[in-house]
Amino acid sequence: MKQRIKRIDKNKSSKSLTKIIIIKVFPVIAFLVAGFLLIPYGSMYFQNNKVNMIHTKNEAVLFYNANCPYCQKVYPKIFWHNVLNFKNESKQIQTINVQNANNKHYLAEFAIQATPTFMKTTNTNQRLVSTNSQQINHFIKGGH
């Protein structure tokens, strides 16, 4: 009889643990994953809306339009690149949303023809219009 009670208690604790994981841990993990995936898109629309100047300390500038599907493909990569290089301004890529009325002057000022356009801050004639990660990495690291 005592052994039977112990077996029931063991089953209860494993079921309780599974229930705790499903009810408490899984939603937290799902929330974190969703946040990880959605934060760049929120940033894309709500940040970079009034950029006063090009930061020459940054490695490059990304001119983008928040509604451009190609920009939506590239922006999250640049967002996380900047997060990972938070303390190193010289490795960051400044992002400018040219869709916003406050930033439209950059289109004429730098003759931006398409988005996404990457431009070196040290040489504004060095540009890249691409969504290819390898091409972008090569351009950022000094290639043309």
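Look up: the structure comes first, before these words.
Residues numbered from 1 in each chain as written. Predicted model: local features only at pLDDT ≥ 70, side-chain atom pairs only at ≥ 80, totals over all residues. Heavy atoms only, no water.

Attention now goes to helix H2 (residues 69-84). Its 16 residues place the ends of H2 24 Å apart at the C-alpha level, agreeing with the 22 Å of an ideal helix rising 1.5 Å per residue. The axis of H2 is deflected most strongly, by about 30 degrees, at Tyr75, and proline Pro76 appears within four residues downstream. Every buried residue of H2 is accounted for by Cys71, Val74, Tyr75, Pro76, Ile78, Phe79 and Asn82. (Helix = DSSP H or I, 4+ residues; strand = E, 2+ residues; numbered from the N terminus. Expected span 1.5 Å × (residues − 1). Bend = angle between axes of the 7 residues up to and from the residue. Buried < 20%, exposed > 50% of the residue type's maximum accessible area, 1.4 Å probe, protein only.)

Time to look at the environment of Ile54. With respect to the secondary-structure elements, Ile54 resides in the loop between helix H1 (2-46) and strand E1 (60-64). In this structure Ile54 comes out as buried when scored by relative accessible area, which is 16%. Non-local contacts of Ile54, meaning those with residues more than four positions away in its chain, are made with Val61, Phe63, Gln94, Ile96, Tyr106, Phe110 and Thr121. (Contact = heavy atoms within 4.5 Å.)

Of all the residues in helix H4 (residues 133-140), the buried ones are Ile136, Phe139 and Ile140. The arc enclosing the buried residues of H4, seen along the axis, measures out at 95 degrees, which places them on a common side. Exposed and facing more than 90 degrees away from the buried side of H4 are Gln134 and His138. The inward-facing, buried residues of H4 abut E1, H2, strand E2 (93-97), strand E3 (117-120) and strand E4 (127-129). Sitting at the amino-terminal end of H4 is Asn132, which places a side-chain oxygen 2.9 Å from the backbone nitrogen of Gln134. Looking at the residues trailing H4, positive phi occurs at Gly142, about 120 degrees. (Arc of directions from axis to C-beta. Polar contact = N/O pair within 3.5 Å; in protein donor to acceptor, adjacent residues only side chain to side chain.)

Turning our attention to the nonpolar core. Of all hydrophobic cores here, the largest spans 17 residues; its most connected members are Leu62, Tyr64, Ile78, Phe118, Ile136 and Ile140. Those elements that provide at least two residues to this core are E1, H2 and H4. For this core, the element with the most residues is H2, which contributes five residues. What Leu62 contacts, discounting residues up to four positions off in sequence, is Val74, Tyr75, Ile78, Ile93, Gln94, Thr95, Ile96, Pro116, Thr117 and Phe118. Listed in part, the ten residues of the second largest apolar core include Phe63, Val98, Phe110 and Ile112. (Core = buried A, V, L, I, M, F, W, Y, C linked by side-chain atoms within 4.5 Å.)

Attention shifts here to the pairing of E2. With five of its five residues buried, E2 lies for the most part within the structure. Of the two faces of E2, the one lined by Ile93, Thr95 and Asn97 and the one lined by Gln94 and Ile96 are each fully buried. With five bridges joining them, E1 and E2 adopt parallel strand pairing. Opposite Tyr64, over in E2, you have Asn97 as the bridge partner. You can see the chain leave E1, run along H2 and come back into E2, and the turn it takes is right-handed. (Pairing = 2+ DSSP bridges. Right-handed = clockwise from strand over helix to strand, strands pointing away.)

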